[in-house]
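Below, each chain spelled out in residue letters.
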Amino acid sequence: MYEIFADMHVHIGRAENGKPIKITAARTLNFANIAKECAERKGIQVVGIIDCASPYVIEDIEKFLQNGEAYELKDGGIIYKDKVCILLGSEVETSEKGRNGKKGSAHNLCFFPYLSNMKKFSQEMSTHIKNITLSTQRSDLSGYDLIDIVEKYDGILIPAHIFTPFKSYYGNCTDRIKDIFKEKYDKIFAVELGLSSDTFLADTISELESKTFVTNSDAHSLPKIAREYNKMLVEDISFKEIVKALKNEDGRKIIANYGLDPKLGKYHRTYCDDCNNTIETKEPVEKCPLCGSSNVTFGVFDRIELIKDKKETKSPENRPPYIYQVPLGFIPGVGGKTIEKLLDNFETEMSILHKLSKDDIESIVGEKVANAIENARTGNCKVHSGGGGNYGKIE
């Protein structure tokens, strides 16, 4: 058994033919570049690429497998240069009844062991989605129906960023995910927390006690890969081993979740869209106390306050620690040139964040930057909450 780092939610911006896949993602995000970034700069051993149902991306994967640098594993997944296991995933938007009689929608991460499974899934989903070539297009399915299709092709389904105000189960669909999946709820063995929440907040909801928590970047650009990630204990890197870790089977497990302090997330607190202020009141509010507007984007913290059913956080005994992790790009004074200098000397961001001493860092970039990185690594930073699509800030 050995420890690995995994980020299971990375988007593709463009296919190799130049066609858009995830319109809001960077052009440089393609299948080959993601594999290279994880292997050479990030130090991530498992990456979930979640736009693989697009026929354009399927073409890219087939070419990628032909160039000799990558191959499919018997236990599922694609190995790149014997360093990175790529999980083939698809982010699907489901249509739900939603809260208060309004239409709701939620994102789901669907992973499959082999390209052949993904091709069949893509073909079937093309009958439920208007444009299968684009990422995360709204389907006419509920999560209740989607999980059957996923399992038909030997896949797994993980509800994505479950608390965010848009496109998530708790955010705009339901107070209880069990009400969506009903008798199939036990088939959901993991949920993704999202950038604006953490274990402490999520474990105030009792129906999540039996679920594994995953923390992923939802990267829309190469530098954002591994903004959040998981440390897992596995025997090797493959689809089969990752599923075992998510299920806590045969000694495989998630050892730690690494994520932003939720205050740094884009939707942590409610935000007034009229006067552009983050609202940090003790109690959740649906009107801005500053200007009186009801045109607000409800925050993750505030939403959890409304729906939690436990007075205090009580995590199950096997819940791994959630470690606040500040990526290099978020640290004040650590710009692109400084990051390049660090990577030239120390290879990967994981090494810099987890293995190096402060003295090692100081020898390359000086005391001031080393202090900033050390303060971020040890949690000695003052954080201003984010909201309404704006990240929080570190002083």
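This is a predicted model, so every value here is computed, not measured.

Rules behind the numbers
- Residues numbered from 1 in each chain as written.
- Predicted model: local features only at pLDDT ≥ 70, side-chain atom pairs only at ≥ 80, totals over all residues.
- Heavy atoms only, no water.
- 1 Å grid on protein atoms, 1.4 Å probe; cavity = no way out; pocket = protein on both sides within 12 Å on 5 of 7 lines; lining within 4 Å.
- Points joined across faces, edges and corners; volume = space filled by probe spheres on them.
- Nonpolar A, V, L, I, M, F, W, Y, C, P; charged D, E, K, R; others polar.
- Axes fitted to C-alpha atoms, helices over the stretch in contact; angles between N-to-C directions.
- Helix = DSSP H or I, 4+ residues; strand = E, 2+ residues; numbered from the N terminus.
- Left-handed = near helix turned anticlockwise from the far one by under 90°.
- Contact = heavy atoms within 4.5 Å.
- Disulfide = S-S within 2.5 Å.
- Buried < 20%, exposed > 50% of the residue type's maximum accessible area, 1.4 Å probe, protein only.
- Phe/Tyr/Trp six-rings, centres within 6.5 Å; stacked < 30°, edge-to-face > 60°.

So, the layout of surface pockets
In step 1: Size it by volume and the largest pocket reaches roughly 610 Å³.
In step 2: For the largest pocket, the lining is made up of 27 residues, of which H107, H161, D218, H220 and K266 are closest to its centre.
In step 3: Here the lining of the largest pocket is composed, by residue class, of 5 nonpolar, 13 polar and 9 charged.

Things to note about the packing of helix 12 (residues 358-365) against helix 13 (residues 367-378)
In step 1: Relative to each other, helix 12 and helix 13 sit at 145°, their axes nearing to 7 Å. Crossing of helix 12 over helix 13 shows right-handed handedness. For the pair helix 12 and helix 13, contact is made by K358, I361, E362 and V365 and by E367, V369, A370, N371, I373, E374 and R377, respectively.
In step 2: A per-class count over the contact of helix 12 with helix 13 returns 5 nonpolar, 1 polar and 5 charged.

Considerations on the state of the cysteines
In step 1: Here the structure, examined in full by the defined rule, presents 0 disulfides.
In step 2: The thiol of C288 is unpaired, and the distance to the nearest cysteine sulfur, on C275, comes to 3.7 Å.
In step 3: Under the relative-accessibility criterion, C288 is labelled buried at 3%.

Some points on the packing of aromatic side chains
In step 1: Taken as a whole, this structure holds 10 aromatic pairs when the rule is applied.
In step 2: Summarising the aromatic geometry, the rings of F163 and Y170 are spaced 5.1 Å apart at their centres and angled 10° between planes, so their arrangement reads as stacked.
In step 3: Its relative accessible area of 1% is what places F163 among the buried residues.
In step 4: Ring geometry for Y322 versus Y324: centroids 5.7 Å apart, planes at 75°, classification edge-to-face.
In step 5: The buried category is assigned to Y322, whose relative accessible area is 14%.
In step 6: Of the aromatic side chains, those joined through ring pairs into one cluster are F5, Y229 and Y258.

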